[in-house]
Every structure is written in C-alpha cells, then in structure tokens.
Amino acid sequence: MLQITGLTHSYADGHKAIDGLDLTVPDGELLSIVGPSGCGKSTLLRCIAGLIAPTAGTLTLNGAPISGVPDDLAVVFQDYSRSLFPWLTVRDNVALPLRRRGMGRGERRAAAQEALESVGLPDAGRKYPWQLSGGMQQRVSIARALAYRPSLLLMDEPFGSVDAQTREDLEDLVLGVHRTGKMTILLVTHDIDESVYVGDRVVVLNRSPARVHADIPVGLPAS
Ligand code: ADP
Ligand code: ADP
C-alpha cells in the first residue's frame, strides 16, 4: 500500500506545486490521477518515485518511508526522448533492467522480444532508438516497464505522443497487464475519458497547487 499524507512540494524558486495532498493506494489498484496541465501531477509522481524529496508530509510504501527510488518500481515518463539509451539497441534497452531480475541473457532477449511484440513493435529490436519515431520510442519505454513486471508502475502521460489507434491499443494493453499481473499502477493524465476508461478509481486534482479535489471509484475494486 502506498500512503501519502500532507504532501507538500515547493521548487527551489519557491513555486508550490503540491499543497497538503493526502492519498492512499491499495496494492493492485489501477489509479488514474487526472488534472489540468501544470497542476502538479508530474511533481507528485516524482515524489512517489523518490526522485525529489517532499518539502513537507510523508510518503510510505508498504509501511516504509520512501527515500530514494523504491525497489521494484518502473516509471514511464512523458518525455520519451530522454528515457532510452541511444547507444543500445531497442531490444537491449528493454532487456537491460531484466538483469536485476536475475534472468540470463537468452531469457532477457526472449522477454524483451515478447514485450516489443505486445506494444506492436515486433521488428524494432535491432534498431536504435533514434531510428524510431517519437511514438515508437514511447512504446519501447512502455515495453521496457511492462517486461520488468514491477510491483509499482508509474506512468506520466504515457500515451501523449502516440496516434489515436495506438493509444487505444496501449490503454487496453495496460488494462490487460494489470488484470493478469499483481501490479499497482498510477496513471497520470489530463484526459478525463482516458482516466475513467483505464482506472479502477479516478483522483481529480485541483488546479495548482495540487490537492485532491475528488476521489471517484469507477471500476471493479482491486482484488
Ligand atoms: P503537471 O504534471 O500537472 O503538468 P508539474 O508537476 O509538471 O505539473 O508542474 C506543476 C507546477 O510546478 C507548474 O506550475 C510547473 O511550471 C512548476 N514546476 C515544475 N517543475 C518545476 C521546477 N523544476 N522548478 C520550478 N517550477 C516547476
Ligand atoms: P509536464 O506538464 O508534463 O509536467 P512541463 O512542460 O510542465 O511538463 O515541464 C517539463 C520540464 O520542465 C519538467 O522537467 C519540469 O520540471 C520543468 N519545469 C516546468 N516548469 C518549470 C519552471 N517554472 N521552472 C523550472 N523548470 C520547470
């Protein structure tokens, strides 16, 4: 369980992006976090990912305070252009984190290929990221996160740079992975339709600075 209490974050220039946010996410939930651009969604995900420290408040994961990047976490950032290693092939980018799973080389390659097929890129493995379009690079980032099978997956506007059909396919892919795996997923989006379609629950944030404005169950409760 992820528990956030009184989370406040001010940037170094004094800009307060989050102000006293409370949020509890049970294990296995697929939670959508929706709010207008600039309201503090990315800041919230960065705090949960342990990439930035809160100015005030507490974050705990399974009872332990979050300090630094939690084990067993994967993040899909909105900015695909900085998330892949340009000197590694697409397949090696996807396979790299799997070393931490103790998988052998052959197993990693097979899992990477399977993940690339699941995001509709069966033939991209031997290419380099810079040979792919932005939307394809983002799909590679998603494949890498899904192949890793983290217990906590954070996604920041993951479908913002792909075309409408691919977006629907990827939404369904995330839903399918969530149904079969034991994964807690936080999906940040500014798209209300997407938040309701994908989420078990939708948390709506206030206009900046972020606080919880509404908390709406939409799907089946997490089992
Ligand atoms: P969202 O993800 O909802 O679009 P962000 O969390 O990126 O919002 O940003 C929230 C607010 O904090 C915005 O007003 C943004 O301009 C500001 N902000 C984001 N990053 C920084 C930073 N590094 N320094 C100062 N202000 C920032
Ligand atoms: P998003 O809305 O997706 O969070 P933004 O366009 O707000 O993205 O921010 C993109 C990048 O610029 C982020 O790394 C963010 O931290 C940084 N940033 C945003 N606003 C500011 C700001 N006012 N001062 C410094 N950095 C900022």
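Per an unreviewed UniProt entry, the chain carries the name ABC transporter domain-containing protein and comes from Actinomadura verrucosospora.

### So, the overall build of the chain
Helices and strands together make up the secondary structure of the chain, namely 6 helices and 10 strands. Over its C-alpha atoms the chain spans a radius of gyration of 17 Å, differing by no more than 12% from the 17 Å that the globule rule assigns to 223 residues. Seen along its three principal axes, the alpha-carbon backbone of the chain occupies a region of about 45 × 35 × 35 Å. Within the chain, the fraction of its 223 residues that count as buried is 48%. Considering only intrachain contacts with a sequence separation of at least 6, the fraction spanning at least 24 residues in the chain is 66%. In the form shown here, the chain has an accessible surface area of approximately 10900 Å², with 51% of it arising from carbon and sulfur atoms. Charged side chains of the chain number 22 positive and 25 negative; the gap between the two group centres comes to 8 Å.

### Some thoughts on the sheet that holds strand β4 (residues 56-61)
Taken in spatial order, the 4 strands line up as β2-β1-β4-β5 in an open sheet, and their pairing is antiparallel. The open sheet has two free edges, formed respectively by β2 (16-25) and β5 (64-65), since each of these has just one partner strand. Note that strand β1 (residues 2-10) and β4 share 5 bridges and pair antiparallel. Each bridged residue has a counterpart across the sheet, and for Thr8 the counterpart in β4 is Ala56. Its contacts with the sheet put helix α1 (residues 41-48) on β1, β2 and β4, and the angle it makes with β1 is roughly 120°.

### Points about the site of ligand 2
Close to ligand 2 lie Ser42, Arg46 and Gln78, which account for all nearby residues. Within the complex, the protein chains bury 31% of what would otherwise be the 560 Å² of accessible surface of ligand 2.

### Thoughts on the pattern of salt bridges
Taken as a whole, this structure holds 9 salt bridges when the rule is applied. For Asp79, the salt bridge is made with Arg82, and the minimal N-O distance between the two is 2.7 Å. For Arg82, a relative accessible area of 71% puts it in the exposed group. One network of salt bridges, with partners in common, ties together Arg167, Glu171, Asp191 and Glu194.

### Comments concerning the environment of Ala111
Structurally, the position occupied by Ala111 is in helix α3 (residues 105-118). Non-local contacts of Ala111, meaning those with residues more than four positions away in its chain, are made with Leu98, Met103 and Ala147.

### A few points about the packing of α3 against helix α4 (residues 134-148)
For the pair α3 and α4, the least separation of the axes is 9 Å and the interaxial angle reads 130°. On the basis of their axis angle, the class for α3 and α4 is oblique. Where α3 crosses over α4, the handedness of that crossing is right-handed. Contacts between α3 and α4 involve Ala111, Ala115 and Leu116 on the former and, on the latter, Val140, Ala143 and Ala147. Residues belonging to the contact of α3 with α4 are distributed by class as follows: 6 nonpolar, no polar and no charged.

### Considering α1
Taking burial as the measure, the 8 residues of α1 include 6 buried ones, the bulk of the element. Here α1 has its buried residues at Lys41, Thr43, Leu44, Leu45, Cys47 and Ile48.

### Quick look at the site of ligand 1
With respect to spatial proximity, the complete set of residues near ligand 1 consists of Tyr11, Asp13, His15, Ala17, Pro36, Ser37, Gly38, Cys39, Gly40, Lys41, Ser42 and Thr43. Contacts to ligand 1 include Gly40, whose backbone N or O atom sits 3.0 Å from an oxygen atom. Protein contact buries 65% of the 560 Å² of open area that ligand 1 shows by itself.

### Things to note about the sheet that holds strand β8 (residues 184-189)
Paired through their backbone hydrogen bonds, the strands of a sheet run either parallel or antiparallel. Here we have 6 strands laid out as an open sheet, ordered β6-β7-β8-β3-β9-β10, and mixed in their pairing. Whereas interior strands pair on both sides, the edge strands pair on one side only; in this sheet they are β6 (73-76) and β10 (212-217). Here the strands of the sheet are splayed against their neighbours by 15° on average, with no regard to which way each runs. Relative to strand β7 (residues 152-156), β6 is paired through 4 bridges, and the arrangement is parallel. The residue of β7 that forms the bridge with Leu73 is Leu152. Contacts from α1 reach β3 (30-34), β7, β8 and β9 (201-205) within the one sheet, and its direction differs from that of β7 by about 155°.

What counts and what doesn't
- Residues numbered from 1 in each chain as written.
- Chains lettered and ligands numbered in written order.
- Predicted model: local features only at pLDDT ≥ 70, side-chain atom pairs only at ≥ 80, totals over all residues.
- Heavy atoms only, no water.
- Helix = DSSP H or I, 4+ residues; strand = E, 2+ residues; numbered from the N terminus.
- Rg over C-alpha atoms; globule rule 2.2 N^0.38 Å.
- Buried < 20%, exposed > 50% of the residue type's maximum accessible area, 1.4 Å probe, protein only.
- Contact = heavy atoms within 4.5 Å.
- Areas by Shrake-Rupley, 256 points an atom, 1.4 Å probe, with all protein chains shown as cover.
- Lys, Arg positive; Asp, Glu negative; His and termini not counted.
- Charge placed at Lys NZ, Arg CZ, Asp CG, Glu CD.
- Pairing = 2+ DSSP bridges.
- Axes fitted to C-alpha atoms, helices over the stretch in contact; angles between N-to-C directions.
- Near = heavy atom within 4 Å.
- Salt bridge = Lys/Arg side-chain N within 4 Å of Asp/Glu carboxyl O.
- Parallel < 35°, antiparallel > 145°, perpendicular 65-115°, else oblique.
- Left-handed = near helix turned anticlockwise from the far one by under 90°.
- Nonpolar A, V, L, I, M, F, W, Y, C, P; charged D, E, K, R; others polar.
- Polar contact = N/O pair within 3.5 Å; in protein donor to acceptor, adjacent residues only side chain to side chain.

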